[in-house]
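A closer look at the structure
Letter by letter, the chains look like this.
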Amino acid sequence: MKVTIDGQEIHVEPGTTILQAARMIGGESVPPAMCYYSKLQGSGGKCRCCLVEVSKGSDANPTPMPKLVASCVTGVMDGMEVNSKNSARVEEARKSVTEFLLINHPLDCPVCDQAGECDLQNLSFQHGKSETRFIEEKRTFEPEDIGPNIQLHMNRCILCQRCVLTADQLTDGRVHGVISRGDHAQISTCLSKAIDNEFSGNMIDVCPVGALTDKTFRFKSRVWFNKPYNAHRNCDKCCGKTTVWMFGNEIQRVTARKDEYHEVEEFICNTCRFDKKEVNDWVIEGPRKFEKFSVINRNNYALHAPKVEIKTEKHILEGRDQDQKRISMIEVPENTNGNSNS
């Protein structure tokens with residue numbers, strides 16, 4: 001089947017969605033997606049971030065679709081023509097959806113562990129507005145421990161339901177889900193229940209915002225201060241292929257490996273994620289590749305940038321020199337006279 005997206009033609013198999021076809025093309029034509037997850041059955045159709053304009057239905061029926069459609073749940077037709085980045089209607093719709101998602105979302109990026117790898121931050125940067133029209137009081141919740149290593153911040157949740165699908169499809173006894181309806185809807189566990197299955201940590205990886213956080217990494221560091229490496233170990237519960245995030249010689253957290261669309265390649269167990277934090281537990285394969293404009297990549301110390309000197313008393317910045325060495329991707333060898341090489 002032939003489909004054209006933003007003037008780029010591609011042939012796909014029957015049953016392919018518009019979003020999947022756009023990802024095959026790549027580039028700026030790929031619509032953003034906050035709820036769709038290719039590894040989870042039944043995902044998509046909730047956040048409306050991936051709306052596109054179908055200017056031609058198919059060769060058999062060239063009539064354009066009157067309304068914008070969700071690309072993640074709309075299948076392609078032979079001869080279909082789609083406008084994604086080249087449509088003013090789509091651009092305005094994505095701005096409106098972004099504004100809606102931010103209605104109850106708190107402005108706590110400076111203290112949120114998801115900062116620097118948050119899909120909602122990326123969406124806001126591309127389609128957000130500098131002002132808000134929402135004058136009502138935001139709904140608020142207290143942080144809730146939903147397991148020994150996971151904390152739920154419902155204030156940040158956008159109800160994409162990825163975590164519910166993950167628990168439903170990876171485990172036998174899901175104990176959490178969406179309760180209530182409408183603007184009262186929230187993610188929560190059943191009464192007196194805690195999520196303690198072996199694959200519960202994957203809910204943290206699939207969450208596109210900072211609603212589910214790793215308590216073992218909470219407030220430890222920013223992601224751009226860590227050095228992510230691909231690593232693996234022999235595990236009898238999962239694939240054992242992970243990304244370890246290091247600060248100096250310390251592993252501060254372990255996550256599943258993700259692709260260019262921030263989706264987990266293979267789910268990992270809680271033993272690998274929470275219990276194996278020693279370097280000797282892993283075979284380090286090498287540094288991960290970053291997205292071109294990722295906040296981690298921008299912190300690459302090989303980047304040519306003007307040197308900033310802070311003129312202040314040395315004791316205020318106590319430990320700064322040691323921290324720079326730990327953050328740096330390149331180890332600085334020591335001379336015999338005690339001075340470091342430049």
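The structure we're discussing is the one just above.
One structure accompanies this document, and this report is about it.

Procedures and definitions
Residues numbered from 1 in each chain as written. Predicted model: local features only at pLDDT ≥ 70, side-chain atom pairs only at ≥ 80, totals over all residues. Heavy atoms only, no water. Pairing = 2+ DSSP bridges. Helix = DSSP H or I, 4+ residues; strand = E, 2+ residues; numbered from the N terminus. Contact = heavy atoms within 4.5 Å. Axes fitted to C-alpha atoms, helices over the stretch in contact; angles between N-to-C directions. Phe/Tyr/Trp six-rings, centres within 6.5 Å; stacked < 30°, edge-to-face > 60°. Lys NZ or Arg CZ within 6 Å of the ring centre and 35° of its normal. Buried < 20%, exposed > 50% of the residue type's maximum accessible area, 1.4 Å probe, protein only. Core = buried A, V, L, I, M, F, W, Y, C linked by side-chain atoms within 4.5 Å. Salt bridge = Lys/Arg side-chain N within 4 Å of Asp/Glu carboxyl O.

A look at the sheet that holds strand 6 (residues 144-145)
Ordered by their spatial adjacency, three strands build an open sheet running 6-7-10, and the pairing between neighbours is antiparallel. Single-partner strands in this sheet number two, and they are strand 6 and strand 10 (212-214). Examined bridge by bridge, strand 7 (residues 150-152) and strand 10 share three bridges and lie antiparallel to one another. Its bridge partner being in strand 10, Leu152 is matched across the sheet by Leu212.

Section: the sheet that holds strand 5 (residues 80-83)
The sheet built from five strands is open, its strands ordered 2-1-5-3-4 with mixed pairing. At either end of the open sheet lies a strand with only one pairing partner, and these are strand 2 (8-11) and strand 4 (69-70). Bridge count for strand 3 (residues 51-56) against strand 4 is two bridges, and the pairing is antiparallel. Each residue of the ladder has a partner; that of Leu51, found in strand 4, is Ala70. Packing against the sheet, helix 2 (residues 88-101) makes contact with strand 3 and strand 5, and its axis sits at approximately 160° to strand 3.

Structural notes on the packing of aromatic side chains
Following the criterion strictly, the structure yields one aromatic pair and no others. Between Arg23 and the ring centre of Tyr261, over which it is positioned, the NZ or CZ distance is 4.3 Å. Sitting over the face of the ring of Trp245, Arg253 holds its NZ or CZ atom 4.3 Å from the ring centroid.

Remarks on helix 1 (residues 18-25)
Here helix 1 has its buried residues at Ile18, Leu19, Ala21, Ala22 and Arg23. Along its buried surface, helix 1 packs onto strand 1 (2-5), strand 2, strand 3, strand 4 and strand 5. Gly26 sits one or two residues past helix 1 and shows a positive phi near 80°.

Here we look at the nonpolar core
If you look at the biggest cluster of nonpolar residues, it comprises 40 residues, and the most contacted ones within it are Met34, Leu101, Leu120, Met203, Val209 and Leu212. Every element with two or more residues in this core is listed here: helix 2, helix 3 (119-127), strand 7, helix 4 (162-170) and helix 5 (202-206). Among the elements that line this core, the one with the most residues is helix 2, at four residues. The contact partners of Met34, leaving out residues within four places of it in the chain, are Cys47, Cys49, Leu101, Asp119, Leu120, Leu123, Ile158, Cys160, Arg162, Pro208 and Val209. Within the second largest apolar cluster, 19 residues are counted, among which are Leu165, Cys235, Val254 and Trp282.

With respect to the pattern of salt bridges
The final tally for this structure, using the stated rule, is 14 salt bridges. The closest approach of N and O atoms between Lys56 and Asp59, which form a salt bridge, is 2.9 Å. Judged by relative accessible area, Asp59 falls into the partly exposed class, the value being 43%. Between Glu198 and Lys237 there is a salt bridge, with its nearest N and O atoms 3.7 Å apart. One end of the pair, Glu198, is in the loop between strand 9 (186-189) and helix 5; the other, Lys237, is in the loop between strand 11 (227-232) and strand 12 (241-247), with 39 residues separating them in the sequence. For Lys237, a relative accessible area of 42% translates into the label partly exposed.

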